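Working through the structure, step by step
Here is what each chain is made of, one letter per residue.
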Amino acid sequence: SFLNTSTQLSFVFRGQAIYRGALQQLLGKGLNDSSTVTLVGSSAGGVGVVNHANWTLQLLQDSGANLSVIADSSWFINFQDNVYKLFVGLSSNDNTQSGGVFSIITATDTSSVTCKDITRGTPCCFSAFCMLSTPEYYPSKDVSTFMLFGLYDVYLLAESLIGLNISEVGQKNGGAGLAVKFIQTVSEYGGAMNDSLSVSSHSVARLSYYVTQCFQHIYLVTSTLWG
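I will try to describe carefully the structure that is included in this document. (Residues numbered from 1 in each chain as written. Predicted model: local features only at pLDDT ≥ 70, side-chain atom pairs only at ≥ 80, totals over all residues. Heavy atoms only, no water.)

Thoughts on the sheet that holds strand β1 (residues 36-42)
What counts here: Strands are treated as partners if at least two bridges between them are detected by DSSP. The helix and strand labels rest on DSSP assignments: H or I over at least four residues marks a helix, E over at least two residues marks a strand, and numbering proceeds from the N terminus. Fitting a line to C-alpha atoms yields each axis, with helices limited to the stretch in contact; the angle taken between N-to-C directions then spans 0 to 180 degrees.
Strand order in this open sheet of four strands is β1-β2-β3-β4, and the pairing throughout is parallel. Here the strands that pair on one side only, and so sit at the sheet edges, are β1 and β4 (207-215). Ignoring strand direction, the axes of neighbouring strands in this sheet form an average angle of 15 degrees. Pairing between strand β3 (residues 144-152) and β4: seven bridges, direction parallel. Bridge pairing in β4 links Leu148 to Tyr210.

Observations concerning the state of the cysteines
The condition is simple: In plain terms, two cysteine sulfur atoms within 2.5 Å form what is called a disulfide here. For every residue, the accessible area (1.4 Å probe, protein chains only) is compared with the maximum for its type, and the residue is labelled buried under 20%, exposed over 50%, or partly exposed between those bounds.
Here the structure, examined in full by the defined rule, presents two disulfides. Linked covalently through their sulfurs, Cys115 and Cys125 form a disulfide whose S-S length is 2.0 Å. Every disulfide takes its handedness from the sign of the S-S torsion; for Cys115 and Cys125 that torsion is 105 degrees, giving right-handed. With Cys115 in helix α5 (residues 113-116) and Cys125 in the loop between α5 and α6 (128-132), the pair connects residues that are ten residues apart, well separated along the chain. Using a relative accessible area of 5% as the deciding quantity, one classes Cys115 as buried.

Quick word on the pairing of β1
Defined as follows: If you view a crossover with the strands going away from you and the path from the first strand over the helix to the second runs clockwise, you call it right-handed.
Strand direction decides the pairing type here: β1 and strand β2 (residues 66-72), joined by seven bridges, are parallel. Across the sheet, Val40 pairs through a bridge with Ile70, a residue of β2. The β-α-β motif built from β1, the intervening helix α2 (residues 44-60) and the parallel element β2 has right-handed crossover chirality.

Overview of the environment of Trp55
By secondary structure assignment, the location of Trp55 is in helix α2. Taking C-alpha positions, Trp55 is 9.1 Å from Tyr138, a pair spaced 83 residues apart along the chain.

A few points about unusual backbone geometry
Phi angles above zero are rare outside glycine, and Asp81 is one such case at about 65 degrees. As for its placement among the helices and strands, Asp81 is situated in the loop between β2 and α3 (82-88). Accessibility expressed as a relative area gives 13% for Asp81, which makes it buried. For Ile218, which is not glycine, the phi torsion reads 85 degrees and is therefore positive. Checked against the element boundaries, Ile218 lands in the segment after β4.

Written out as structure tokens, the structure reads:
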């Protein structure tokens with residue numbers, strides 16, 4: 001819990017400060033002699049990698065090192081308001097509530113410009129498409145970027161599947177009606193993924209991607225696919 005009280009223990013984790021401090025220390029221990037530096041992250045870690053690319057490139061500019069980025073399962077799309085529900089804690093149509101990761105960021109870090117940018121419908125800092133296609137936030141013409149993700153990322157898709165209600169498809173259809181709704185939702189999600197990718201692949205420089213048709217979230221760290 002993040003508690004603002006002296007009567008209870010509280011814990012604050014500042015990943016940005018840790019990352020930047022570690023990189024600055026590494027500069028004096030051989031990092032500045034590298035020809036290539038590659039940032040790799042999975043899921044939220046991939047979001048962090050994308051958000052730190054611009055800062056890291058500026059840090060390396062005197063060393064002459066090339067920067068590349070690999071982001072695994074970090075292509076979040078706001079399908080049926082899933083990004084809002086998971087990260088923001090409210091529906092995009094409901095501004096009366098608060099909560100979630102987004103509210104913590106905006107309340108505690110006034111420098112989080114990318115998260116406060118919601119011109120594309122969701123916080124830009126959570127959207128690879130928004131970050132990569134915005135030169136002010138991401139140096140896509142200077143950074144080779146590889147995105148790895150599933151056409152059916154279960155982390156976000158699960159929110160929609162869990163929300164399916166048999167009453168929506170009619171009691172008379174029973175399980176068959178629910179199965180049809182399940183397949184329809186999966187199909188719509190895959191279509192939304194394809195749409196987001198087709199737009200960005202034509203507008204972002206030096207972007208490569210590999211998209212599987214797996215129901216999977218995270219590939220580069222321990223997963224059931226390793227077998």
